[in-house]
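Read off the chains here:
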Amino acid sequence: MGLLNMPVFTALADKMRWHQTRQGLLAENVANAETPGYRGRDLKQFNFEEVNGAFSSASVTTTATQPMHFSVGGEGSSAFNAQRMANFEVTPEGNGVSLEDEMMKVTTNMMDYQAATSLYQKSIKILRTAMGKSG
């Protein structure tokens, strides 16, 4: 078993892929914030127990659902249970995306991704030190 196949590294890698996929969906929501009738999407909250390596080969692809929409909702978003958001505010055009809310989600998602990345890097450094290799 390689060091990077350890459960902690697999879980952190899955968490980072989840954040990458979510960032794409949030960017799609922002890009379509003024598209009439567009409903934003978000991912189901990441749960380490549920995923347990189930989507270790998940990838993100770009597809357009309508010619005027930007979209990143390919296989990657379905692997992480992309779902329509509950929209409490709807514009006169029928759009349910709040730019303020989406930008807050983007910022939080980015910070969480950076935390997972930092933890991953520090875990590798600890293992290398334990094996007597300089990092």
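Keep in mind that this is a model prediction, so the values were computed, not measured. (Residues numbered from 1 in each chain as written. Predicted model: local features only at pLDDT ≥ 70, side-chain atom pairs only at ≥ 80, totals over all residues. Heavy atoms only, no water.)

Novice: When you look at the pattern of salt bridges in this model, what are you seeing that I'm missing?
Specialist: Pairing between side chains of opposite charge can happen when the charged atoms of each approach one another. Enumeration according to the criterion identifies five salt bridges in this entry. Here Asp 42 and Lys 105 are joined by a salt bridge, their closest N and O atoms 3.7 Å apart. Remark: Lys 105 occurs in helix 4 (residues 99-130) and Asp 42 occurs in strand 1 (residues 41-43); sequence separation between them is 63 residues. Here Asp 42 falls in the buried class, since its relative accessible area comes to 10%. Glu 102 is the partner of Lys 105 in a salt bridge, and the nearest nitrogen-oxygen pair spans 3.4 Å. One end of the pair, Lys 105, and the other, Glu 102, are both in helix 4, three residues apart, so they sit about a helical turn from each other. Looking at Lys 105, the relative accessible area reads 23%, which means it is partly exposed. On the accessibility criterion, Glu 102 (1% relative accessible area) is buried. One network of salt bridges, with partners in common, ties together Arg 22, Asp 42, Glu 102 and Lys 105. (Salt bridge = Lys/Arg side-chain N within 4 Å of Asp/Glu carboxyl O. Helix = DSSP H or I, 4+ residues; strand = E, 2+ residues; numbered from the N terminus. Buried < 20%, exposed > 50% of the residue type's maximum accessible area, 1.4 Å probe, protein only.)

It is worth stressing that arrangement in space is one thing and function is another; only the former is reported here.
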